[in-house]
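Architecture at a glance
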Amino acid sequence: METETAFPVLARADQLTKVYGDPPVQNTVVDAVTVSVRANELTLLMGPSGSGKTTLLMMMAGLVDVSAGRVELFGTNITGRSIAKAPGIRRHRLGFIFQHYNLFPALTALENVAEVLRLKGVAAADAYAEAEKTLQAVGLGDRLQHRPAMLSGGQQQRVAIARALAGNPALIIGDEPTAALDTKTGQKVVALLKQTVGPERGVLLVTHDPRLEPHADRILRIEDGRITADEDKHA
Ligand SMILES: Nc1ncnc2c1ncn2[C@@H]1O[C@H](COP(=O)(O)OP(=O)(O)OP(=O)(O)O)[C@@H](O)[C@H]1O
Ligand SMILES: [Mg+2]
């Protein structure tokens, strides 16, 4: 009998499709993508600008409506469920790093991270302690009280990363999480993300950055909304 090392599927897209525009000017930006993201893997999604990477990630996180197909997060079908209807799944088990950070502008770095933990139900004192620890881990221990406007792009990106890391979610999805970082900081951040991977936990990152490839367990390539390659680095 064949034994499979079956780590749990954390996120699954089935024939997932996104079409923008109304007929006759329609643009299929994600075209019937079927893909599973498993625990114990750091998966990279790579492809040219405009190939549909952000749209695919956002649909997989339930942040953008799908035109067709199905999305499961942690075994639960979230297709067509509004953010309001599946908040538990996302808050407790999913950490999302937005391409454009999406920080709360009025909050300090510390508050940005702590607020996410508060939403997960963590008591204030614990949330602030963990937020501080996580910001220190991404090298921002000296920027706790800065608001986003007072931070560089790379520092804002690291606040966004700290926010996704905080609370140890089962799945971290990151959209170009190292785009604004220098090589050394980028490598450090990827190492932190890689450390979270385990038998119950996985990471899915969109990147243009070939320097991240050595860290990947699996690389998916996307072109014009279609997955063109699925490379298992350990096969
Ligand atoms: N809200 C929208 N309305 C219409 N078209 C959109 C919308 N969002 C994205 N698109 C189009 O969908 C295509 C894919 O966009 P997407 O942001 O997913 O690409 P990407 O692979 O993430 O690119 P990049 O590497 O530049 O971030 C693009 O052609 C874009 O113009
Ligand atoms: Mg993008």
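The notes below deal with the structure included here. (Residues numbered from 1 in each chain as written. Chains lettered and ligands numbered in written order. Predicted model: local features only at pLDDT ≥ 70, side-chain atom pairs only at ≥ 80, totals over all residues. Heavy atoms only, no water.)

Regarding the environment of Thr 185
Relative to the helices and strands, Thr 185 is located in helix H6 (residues 183-195). Distance in space between the C-alpha atoms of Thr 185 and Leu 151 is 15 Å, their sequence separation being 34 residues. (Helix = DSSP H or I, 4+ residues; strand = E, 2+ residues; numbered from the N terminus.)

A short note on helix H1 (residues 53-60)
Among the 8 residues that make up H1, 7 are buried, leaving the element largely enclosed by the rest of the structure. Among the residues making up H1, those that are buried are Lys 53, Thr 55, Leu 56, Leu 57, Met 58, Met 59 and Met 60. Looking at the residues trailing H1, positive phi occurs at Gly 62, about 75°. (Buried < 20%, exposed > 50% of the residue type's maximum accessible area, 1.4 Å probe, protein only.)

Describing helix H5 (residues 153-165)
Given a rise of 1.5 Å per residue, 13 residues ought to cover 18 Å, and the 18 Å separating the end C-alpha atoms of H5 matches this to within 8%. Among the 13 residues that make up H5, 12 are buried, leaving the element largely enclosed by the rest of the structure. Among all positions of H5, only Gly 154, Gln 155, Gln 156, Gln 157, Arg 158, Val 159, Ala 160, Ile 161, Ala 162, Arg 163, Ala 164 and Leu 165 are buried. Buried positions along H5 lie against strand E6 (94-97), helix H3 (109-119), helix H4 (124-137), strand E7 (171-175) and H6. Where H5 ends, the next residue or the one after it, Gly 167, has phi of about 85°, a positive value. (Expected span 1.5 Å × (residues − 1). Contact = heavy atoms within 4.5 Å.)

Structural notes on the site of ligand 1
Every residue close to ligand 1 is listed here: Tyr 20, Val 29, Pro 48, Ser 49, Gly 50, Ser 51, Gly 52, Lys 53, Thr 54, Thr 55, Gln 99 and His 208. Here an oxygen atom of ligand 1 and a side-chain polar atom of Ser 49 are 2.6 Å apart. Here Gly 52 contributes a backbone N or O atom positioned 3.1 Å from an oxygen atom of ligand 1. In isolation ligand 1 exposes 640 Å². Once the protein is present, 60% of that is buried. When residues of the shell around ligand 1 are assigned to their parent elements, the largest contribution, 3 residues, is made by H1. Residue composition of the shell around ligand 1, by class: 3 nonpolar, 8 polar and 1 charged. (Near = heavy atom within 4 Å. Polar contact = N/O pair within 3.5 Å; in protein donor to acceptor, adjacent residues only side chain to side chain. Areas by Shrake-Rupley, 256 points an atom, 1.4 Å probe, with all protein chains shown as cover. Nonpolar A, V, L, I, M, F, W, Y, C, P; charged D, E, K, R; others polar.)

Considering the coordination of the magnesium ion (ligand 2)
Tetrahedral coordination by four donors sets the ideal angle at the metal to 109.5 degrees; octahedral coordination by six donors sets it to 90 or 180 degrees. On the protein side, the magnesium ion (ligand 2) has Thr 54 (OG1) and Gln 99 (OE1) as donor atoms, found 2.0 to 2.4 Å from it. On the criterion of sequence distance, the pair formed by Thr 54 in helix H1 and Gln 99 in the loop between E6 and H3 is long-range, its members being 45 residues apart. What makes Thr 54 partly exposed here is its relative accessible area of 28%. (Donors = N, O, S within 2.8 Å, 3.2 Å for Na, K, Ca; no water.)

Describing the pairing of E7
Burial within E7 is extensive, with 5 of its 5 residues counted as buried. Neither face of E7 is left uncovered, since the one carrying Leu 171, Ile 173 and Asp 175 and the one carrying Ile 172 and Gly 174 both have all their residues buried. Judged from the 5 bridges that link them, E7 and strand E8 (residues 202-206) form a sheet pairing that is parallel. Within E8, the position partnered with Asp 175 by the bridge is Val 206. Once you follow E7 into H6 and on to E8, the crossover reads as right-handed. (Pairing = 2+ DSSP bridges. Right-handed = clockwise from strand over helix to strand, strands pointing away.)

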